[in-house]
Amino acid sequence: MRPDIVPGARFPDYQLPDQDEVPRKLSDLQGDDPMILTLARGHYCPKEHQQHLELAAFYPKIAVSYTQIVTIATDEHHTLQEFRASVGAQWPFLSDPGRTVQRDLDIQEYTDPGNDPMIPHTLVLKPGLVVHSIYNGYWFWGRPSIADLWRDLREASSEVRPDWDLSAPGLREAWDAGDHSAFHGWNKE
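Just so we're clear, the structure is a prediction, and the values are computed from it rather than from any experiment.

Focus on the packing of aromatic side chains
So, point 1. As enumerated under the stated definition, the model contains nine aromatic pairs in all.
So, point 2. Residues Phe11 and Tyr14 carry aromatic rings whose centres are separated by 5.8 Å and whose planes lie at 75° to one another, so their mutual orientation is edge-to-face.
So, point 3. For the pair Tyr138 and Trp139, a centre-to-centre distance of 5.8 Å together with 85° between the ring planes defines the contact as edge-to-face.
So, point 4. Put simply, the rings of Tyr59, Phe83, Trp91 and Phe93 touch in pairs and so form one group of aromatic residues.

Some remarks on the packing of helix H2 (residues 46–64) against helix H5 (residues 146–160)
So, point 1. It is the contact of H2 with H5, at a shortest axis distance of 11 Å, that shows an interaxial angle of 35°. Like other packed secondary-structure pairs, H2 and H5 cross with a definite hand, here right-handed. Taken together, the residues of H5 that come into contact with H2 (itself represented by Glu54, Leu55, Phe58 and Lys61) are Ile146, Leu149 and Trp150.
So, point 2. By residue class, the composition of the contact of H2 with H5 is five nonpolar, no polar and two charged.

Considerations on the environment of Lys61
So, point 1. In this fold, Lys61 is placed in helix H2.
So, point 2. Given the relative accessible area of 47%, Lys61 is considered partly exposed.
So, point 3. Considering only alpha carbons, one finds Lys61 and Trp150, 89 residues apart in sequence, at a separation of 9.7 Å.

Observations concerning the pattern of salt bridges
So, point 1. What the rule picks out here adds up to 12 salt bridges.
So, point 2. Here Arg24 makes a salt bridge to Asp18, at a shortest N to O gap of 3.0 Å.
So, point 3. The partner of Arg172 in a salt bridge is Asp176, and the shortest N-O contact between them spans 3.4 Å. One end of the pair, Arg172, and the other, Asp176, are both in helix H6 (residues 171–176), four residues apart, so they sit about a helical turn from each other. The exposure classification of Arg172 matches that of Asp176, with both residues exposed.
So, point 4. One network of salt bridges, with partners in common, ties together Arg2, Asp4 and Asp104.

With respect to the nonpolar core
So, point 1. Ranked by internal contacts, the top residues of the largest apolar core, which has 21 residues, are Phe11, Leu26, Leu37, Leu39 and Ile72.
So, point 2. Within the residue set of this core, elements represented by two or more residues are helix H1 (26–30), strand S3 (35–40), strand S4 (68–73), helix H4 (100–105) and strand S6 (121–126).
So, point 3. Contact partners of Leu39, with chain neighbours within four places excluded, come to Met1, Phe11, Ile72, Val101, Leu105, Ile107, Met118, Ile119, Pro120, His121 and Leu123.
So, point 4. Ranked by size, the runner-up nonpolar core spans 18 residues in total, among them Leu55, Ala89, Leu149 and Leu153.

A look at H2
So, point 1. An ideal rise of 1.5 Å per residue puts 27 Å on 19 residues; H2 measures up with 28 Å between its terminal C-alpha atoms.
So, point 2. A maximum bend of about 50° is found in H2 at Phe58, where proline Pro60 lies one to four positions downstream.
So, point 3. If you check which residues of H2 are buried, you get Glu48, His49, Gln51, His52, Leu55, Ala56, Phe58, Tyr59 and Ile62.
So, point 4. Looking at the buried positions of H2, the neighbouring elements they touch are S3, S4, helix H3 (77–87), strand S5 (93–95), S6 and H5.

Things to note about unusual backbone geometry
So, point 1. Even without being a glycine, Glu21 presents a positive backbone phi close to 65°.
So, point 2. Residue placement: Glu21 occurs in the loop between strand S1 (15–17) and strand S2 (23–25).
So, point 3. Phi is positive for Arg99, which is not a glycine, with a value near 60°.
So, point 4. The exposure class assigned to Arg99 is buried, which follows from its relative accessible area of 15%.

The rules behind each value
Residues numbered from 1 in each chain as written. Predicted model: local features only at pLDDT ≥ 70, side-chain atom pairs only at ≥ 80, totals over all residues. Heavy atoms only, no water. Phe/Tyr/Trp six-rings, centres within 6.5 Å; stacked < 30°, edge-to-face > 60°. Axes fitted to C-alpha atoms, helices over the stretch in contact; angles between N-to-C directions. Helix = DSSP H or I, 4+ residues; strand = E, 2+ residues; numbered from the N terminus. Left-handed = near helix turned anticlockwise from the far one by under 90°. Contact = heavy atoms within 4.5 Å. Nonpolar A, V, L, I, M, F, W, Y, C, P; charged D, E, K, R; others polar. Buried < 20%, exposed > 50% of the residue type's maximum accessible area, 1.4 Å probe, protein only. Salt bridge = Lys/Arg side-chain N within 4 Å of Asp/Glu carboxyl O. Core = buried A, V, L, I, M, F, W, Y, C linked by side-chain atoms within 4.5 Å. Expected span 1.5 Å × (residues − 1). Bend = angle between axes of the 7 residues up to and from the residue.

The structure is reproduced here in structure tokens:
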């Protein structure tokens, strides 16, 4: 991957069409939450199916933890819809058949010229598309397990959520004074 894409760096804010052909920007999909981003080979790859089946089973926990998830694949629109449906995914899948992301990040999987996929990666991003962790999934064991993602999301969330520990000094006093700016969800009321 491009040498500037490292923990602490800002990931590019790509805009691509989703499974409904609606153009979506990563930053809009992320909002102010941590995000799991998978850069996938596509529907043809059984490794992608295994990883995405695990993510789909994990999705209820992702949803209740104020975390977003997005998949980008090089599949055309209908194939992307099939991929998403075949794994039971409920999150956005973005289509990049022009390989914009593959070229920009320099992640062409040159060992598979027939399919011309991206080298699969999974990233955990803090709000603002800030890279927390990167996994290279060319080999399946390089992909993060659910336990890896849980650990990364715990670390990232504790860094970006001022109300992570309600016993932190000043939080109770701020709440009692009506200052909810440090409390996720409450800060928007």
